[in-house]
Every structure is written in C-alpha cells, then in structure tokens.
Amino acid sequence: NIPHSIRARFVAPAVTAFVMFALYGFYFSLAPTVLADSLHQSNRAVGGAVVFELGLVSAATILVTRRLASRTCMLLALILLIPSLVLLIVAQAQGSLPLLLVGTTLSGISGALGYRGSLQVVNQIAPAEQRAGVASAYFLVCFIGNSLPVIAVAVLARAFNSLVADGVFAVTLAVLALAAFAVSQLQKPQMSA
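Residues numbered from 1 in each chain as written. Predicted model: local features only at pLDDT ≥ 70, side-chain atom pairs only at ≥ 80, totals over all residues. Heavy atoms only, no water.

Draft legend 1. Inspection of the overall build of the protein at higher detail. Looking only at helices and strands, the protein features 6 helices and 0 strands. Reading the helices (α) and strands (β) of the protein from amino to carboxyl end gives α-α-α-α-α-α. Relative to the compact-globule value of 16 Å for 193 residues, the protein shows a C-alpha radius of gyration of 17 Å, a close match. The principal-axis extents of the C-alpha atoms in the protein amount to approximately 50 × 35 × 25 Å. Per-residue burial over the protein gives 47% buried out of 193 residues. Taking as baseline every contact in the protein between residues at least 6 positions apart, the subset at least 24 positions apart corresponds to 83%. In the structure as shown, the protein presents an accessible area of about 9300 Å², 69% of it carried by carbon and sulfur atoms. (Helix = DSSP H or I, 4+ residues; strand = E, 2+ residues; numbered from the N terminus. Rg over C-alpha atoms; globule rule 2.2 N^0.38 Å. Buried < 20%, exposed > 50% of the residue type's maximum accessible area, 1.4 Å probe, protein only. Contact = heavy atoms within 4.5 Å. Areas by Shrake-Rupley, 256 points an atom, 1.4 Å probe, with all protein chains shown as cover.)

Draft legend 2. Up close: a nonpolar patch on the surface. There is a patch of nonpolar side chains on the surface, built from Leu140, Ile144, Leu148, Ile151 and Val155 and spanning about 460 Å² of accessible area. Examined against the element boundaries, Ile144 turns out to sit in helix α5 (residues 131-159). By relative accessible area, Ile144 is classed as partly exposed at 33%. (Patch = residues over 30% accessible without salt bridge, like charges linked within 9 Å, V, L, I, M, F, W, Y side chains within 5 Å. Salt bridge = Lys/Arg side-chain N within 4 Å of Asp/Glu carboxyl O.)

Draft legend 3. How the structure looks around the packing of aromatic side chains. Applying the stated rule across the entire model yields 5 aromatic pairs. Consider the rings of Phe26 and Tyr27, whose centres lie 6.3 Å apart with planes at 85°: the pair is edge-to-face. Residue Phe26 shares its accessibility class with Tyr27, and that shared class is buried. Considering the side-chain rings of Phe26 and Phe169, the 5.0 Å spacing of their centres and the 20° angle between planes classify their relative orientation as stacked. Of this pair, Phe26 sits in helix α1 (residues 7-37) while Phe169 sits in helix α6 (residues 162-186), and the two are 143 residues apart along the sequence. Among the residues examined, Phe169 registers a relative accessible area of 5% and is labelled buried. An aromatic cluster is built from Phe26, Tyr27 and Phe169, whose rings are joined through pairwise contacts. (Phe/Tyr/Trp six-rings, centres within 6.5 Å; stacked < 30°, edge-to-face > 60°.)

Draft legend 4. Structural view of the packing of α1 against helix α4 (residues 97-125). At a minimum axis distance of 8 Å, the contact between α1 and α4 shows a crossing angle of 150°. Our classification of the angle between α1 and α4 gives roughly antiparallel. In this structure, the crossing between α1 and α4 has a hand that is left-handed. Per-class residue counts for the contact of α1 with α4 are 16 nonpolar, 9 polar and 1 charged. (Axes fitted to C-alpha atoms, helices over the stretch in contact; angles between N-to-C directions. Parallel < 35°, antiparallel > 145°, perpendicular 65-115°, else oblique. Left-handed = near helix turned anticlockwise from the far one by under 90°. Nonpolar A, V, L, I, M, F, W, Y, C, P; charged D, E, K, R; others polar.)

Draft legend 5. Representation of the confidence of the model for the protein. Predicted confidence across the protein gives a mean pLDDT of 93, with 97% of residues reaching 70 or more. By mean pLDDT, α1 is the weakest element of the protein at 92, and α4 is the strongest at 97. Scored below 50 in pLDDT, residues 189-193 shows 10 contacts in the model against residues more than four places distant or in partner chains. (pLDDT = per-residue confidence, 0-100.)

Draft legend 6. Examining the nonpolar core more closely. Of all hydrophobic cores here, the largest spans 35 residues; its most connected members are Phe26, Tyr27, Leu78, Leu81, Leu85, Leu100 and Leu173. Looking at this core, the elements with two or more residues in it are α1, α2 (44-64), α3 (70-94), α4, α5 and α6. The greatest single-element share of this core, amounting to 11 residues, is contributed by α1. For Leu85, the contacting residues outside a window of four places in its chain are Leu23, Ala170, Leu173 and Ala174. (Core = buried A, V, L, I, M, F, W, Y, C linked by side-chain atoms within 4.5 Å.)

Draft legend 7. Spotlight on α4. With 29 residues, α4 extends 41 Å between its outermost C-alpha atoms, agreeing within 8% with the 42 Å of an ideal straight helix rising 1.5 Å per residue. One side-chain oxygen at the N-terminal end of α4 lies 3.2 Å from the backbone nitrogen of Leu99; it belongs to Ser96. (Expected span 1.5 Å × (residues − 1). Polar contact = N/O pair within 3.5 Å; in protein donor to acceptor, adjacent residues only side chain to side chain.)

Rendered as structure tokens:
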C-alpha cells in the first residue's frame, strides 16, 4: 500500500523499475530465440554469452556508479534505454551480432542504473514507518515487469512474427521510459536526491 503522500512521486521510479525488469526479462527469456531466428546463431553458448554480458555489465555499472545520486542514475537509465532498444531491434532486423552486443552493453548499463536509482528513490521518499510496504509494492512492480511483457511478446510473435513483436515491445518500453522521465522532471523540486 503506497501512502497517499508519496503516490505521485512513486510513479517515476515504479515505471522505471517496470521497464528495466521488462528489458531484463526479455534478455533472459527471449535472447536465445532472437539469436536463433534473426541472427541464425543456434549455438546455445552464444545465447549464454549474451546473457552473461548483460549480467557482467550490470554488475560493473553498479560498482562504478556507486557515488552517483539516485535520481541521476534513474534519469540516465531512462535516457540510455532508448538507444539500447533501438540497437536491439536494428540488430534483429539486420541479423547483426555486433549490434546486439553493443545493445546488450547499453541495456546492462541502463538496467543497472535504473534498478539501483529507482530503488534508492523509493527508499528516500517512503516514510520510515512504511518503508517495508512501499518497497514491497516496488518489488511487485519489478516482478510484473519481468514477466508480463515477455508473455505479451510471445503472444504477438505467434500472431505476427518475432520482429514485429519485439518492435512493439521496444516502442512500448520507450514510451513508458519517456513518460517516467517526464513525470520525474515535473517533480524535480520534490526529488532532489
């Protein structure tokens, strides 16, 4: 249950978490399919390497950016998400593993910054006596983001094809990221951290 006093300020970090977890869910669930169908890479080790790259870049980003303010991390993540999604779709359309790897690097940076930044913002805005409940709501959004969009992509891929489904996924995440960025900018004085 989100306290009424912070509901408006909860929106940007919650949407940020949703899109970042949706992106990671896509990689964890569908990267091997993208590699096999669009990039003609059926070697499972290549799929594992792409997911490993995402995790490695994410971990390194969290370590390197420890001193960045939470709001700055969140906003950088939302900005970096757009080119990472573009690279993901262009790599798929052109069958380019190098573009996919560059997009994966940007996705790892964006996802790490988005998760760390949005979680810190949520912890900063939550009243101390309600922090556990607010954090629980935040993590619920994360888990929904990790699962529902991937299911939607799978349904769209069956109805059309994987490039169309992944394109709809990318556009949806980009729109949500831009909305979260705009909401965060409108609340700038309230979220100075």
